[in-house]
Amino acid sequence: SDRMWAKNRKRFKDDECLGVNLNHNWNSRWGEERLYRENICSWKYPGPFPFSEPETRAVSEFLVRHAKNMRVFISFAAYGQTLEYPFGYTDKEPKDANDLEEAAQSAIEAVQKIGGPKYEVSTMFENDGYSTGNMIDWVKGSLGIKYVYNVQLRNDKQEWFITRPENILP
């Protein structure tokens, strides 16, 4: 019934709260946000341990198998009209931040040339604040893929996390 639900639907034994936030269930500084780790009812609950959920385990196993063939990794989320690169757990940028920034700016310029909106570029930390256990930090740190991004899709600024279909494809 909650359109803004941010977790999976895992039911915990004898608990009225449901779910794990899958974007915080990755083995990259997992659980360092103690406030969320200890509160199963929090929207940001990262699960009992990294990769505890079948969803993150399956995706991580796929990525491990195919990482040697990957040069770029892009995840999509709603909303914010930003292109984020690692890291979320620190305000320090990766060593290749200049390369990541340059490639992101090129992508943004290409989107604008075909009539798309202007996206902002930042680290996940700059855009979202301190965030641990997230996918892009794990992909960058554990798999060594150079170009790793999270695209926060656009919206009409009236509907927050509800990105209408006409705002996705363009």
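This text goes with the structure placed above it.
Residues numbered from 1 in each chain as written. Predicted model: local features only at pLDDT ≥ 70, side-chain atom pairs only at ≥ 80, totals over all residues. Heavy atoms only, no water.

Colleague: What should I look at first to understand the overall build of the chain in this one?
Modeller: The secondary structure content of the chain amounts to five helices and four strands. Secondary structure elements in the chain, listed N-terminal to C-terminal, are α-α-β-β-α-β-α-α-β. Taking 2.2 N^0.38 as the reference for a compact globule, 170 residues should give roughly 15 Å; the C-alpha atoms of the chain span a radius of gyration of 16 Å, in line with that estimate. The dimensions of the chain, computed from C-alpha atoms along their principal axes, are 55 × 40 × 30 Å. By the burial criterion, 44% of the 170 residues in the chain qualify as buried. Summarising the internal contacts of the chain: among those between residues at least 6 apart in sequence, 71% fall at separations of at least 24. When the accessible surface of the chain is summed, it comes to about 10000 Å², and 53% of that surface belongs to carbon and sulfur atoms. Mean positive and mean negative side-chain charge positions of the chain (23 and 25 charges, respectively) differ by 5 Å. (Helix = DSSP H or I, 4+ residues; strand = E, 2+ residues; numbered from the N terminus. Rg over C-alpha atoms; globule rule 2.2 N^0.38 Å. Buried < 20%, exposed > 50% of the residue type's maximum accessible area, 1.4 Å probe, protein only. Contact = heavy atoms within 4.5 Å. Areas by Shrake-Rupley, 256 points an atom, 1.4 Å probe, with all protein chains shown as cover. Lys, Arg positive; Asp, Glu negative; His and termini not counted. Charge placed at Lys NZ, Arg CZ, Asp CG, Glu CD.)

Colleague: I'm lost on the side chain of N8 in this one. Help?
Modeller: Mapped onto the elements, N8 comes out in the segment before α1 (34–37). A polar contact of 3.2 Å, which involves the side chain of N8, links it to the backbone nitrogen of K10. In this structure N8 touches G19, V20, L22, E53 and E55, once residues within four positions along its chain are discounted. (Polar contact = N/O pair within 3.5 Å; in protein donor to acceptor, adjacent residues only side chain to side chain.)

Colleague: How should I be thinking about the pairing of strand β4 (residues 147–153) in this particular structure?
Modeller: Regular strands show a simple pattern: their side chains alternate between the two faces of the sheet. Here β4 lies mainly inside the structure; six of its seven residues are buried. Relative to β4, strand β1 (residues 72–78) is paired through seven bridges, and the arrangement is parallel. Counterpart to F73 in the pairing with β4 is V148. Alignment of strand β2 (residues 82–85) against β4, held across three bridges, turns out to be antiparallel. Bridge assignment links L83 to a residue of β4, and that residue is V151. (Pairing = 2+ DSSP bridges.)

Colleague: Honestly, the sheet that holds β1 in this entry has me stumped. Any pointers?
Modeller: Read across the sheet, four strands follow the order β1-β4-β2-β3 without closing on themselves; strand pairing throughout is mixed. Each edge of the open sheet carries a strand with a single partner, namely β1 and β3 (120–123). Adjacent strand axes in the sheet meet at a mean angle of 25° when their direction is disregarded. Strand direction decides the pairing type here: β2 and β3, joined by four bridges, are parallel. Within β3, the position partnered with E84 by the bridge is S122. (Axes fitted to C-alpha atoms, helices over the stretch in contact; angles between N-to-C directions.)

Colleague: Where do I start with the nonpolar core in this structure?
Modeller: Where a protein is soluble and globular, its nonpolar side chains tend to be buried together. Ranked by internal contacts, the top residues of the largest apolar core, which has 13 residues, are W26, L63, F73, W138, V139, I145 and V148. Ranked by residues supplied to this core, first place goes to helix α5 (residues 135–143) with four residues. Core analysis: the next-biggest nonpolar cluster, separate from the first, contains eleven residues, Y85, L100, A104 and Y119 among them. (Core = buried A, V, L, I, M, F, W, Y, C linked by side-chain atoms within 4.5 Å.)

Colleague: Where do I start with helix α2 (residues 54–66) in this structure?
Modeller: Note that an α-helix has 3.6 residues per turn; residues three or four places apart therefore point the same way. Look at α2: 18 Å from first C-alpha to last across 13 residues, which is about the 18 Å you get at 1.5 Å a residue. Buried residues of α2: T56, S60 and L63, and no others. Taken down its axis, α2 places every buried residue within 60° of arc, on the same side. Contacts from the buried residues of α2 go to β1 and α5. (Expected span 1.5 Å × (residues − 1). Arc of directions from axis to C-beta.)

Colleague: How should I be thinking about the packing of aromatic side chains in this particular structure?
Modeller: In this description, an aromatic ring pair is defined by two values, namely the gap between the centres and the angle between the planes. Under the defined criterion, the tally for this structure stands at six aromatic pairs. Here the aromatic rings of F51 and W138 are separated by 5.4 Å at their centres, their planes lie at 75°, and the arrangement is edge-to-face. Taken together, the residues F51 in the loop between α1 and α2 and W138 in helix α5 connect sequence positions 87 residues apart. Summarising the burial analysis for this pair, F51 and W138 share the class buried. Following the ring pairs from residue to residue traces out a cluster consisting of W26, F51 and W138. Its guanidinium or amino end placed over the ring of W5, R9 lies 4.6 Å from that ring's centre, counting from NZ or CZ. Against the face of Y147 rests K146, its NZ or CZ located 5.4 Å from the ring centre. (Phe/Tyr/Trp six-rings, centres within 6.5 Å; stacked < 30°, edge-to-face > 60°. Lys NZ or Arg CZ within 6 Å of the ring centre and 35° of its normal.)

Keep in mind these values describe shape, not function.
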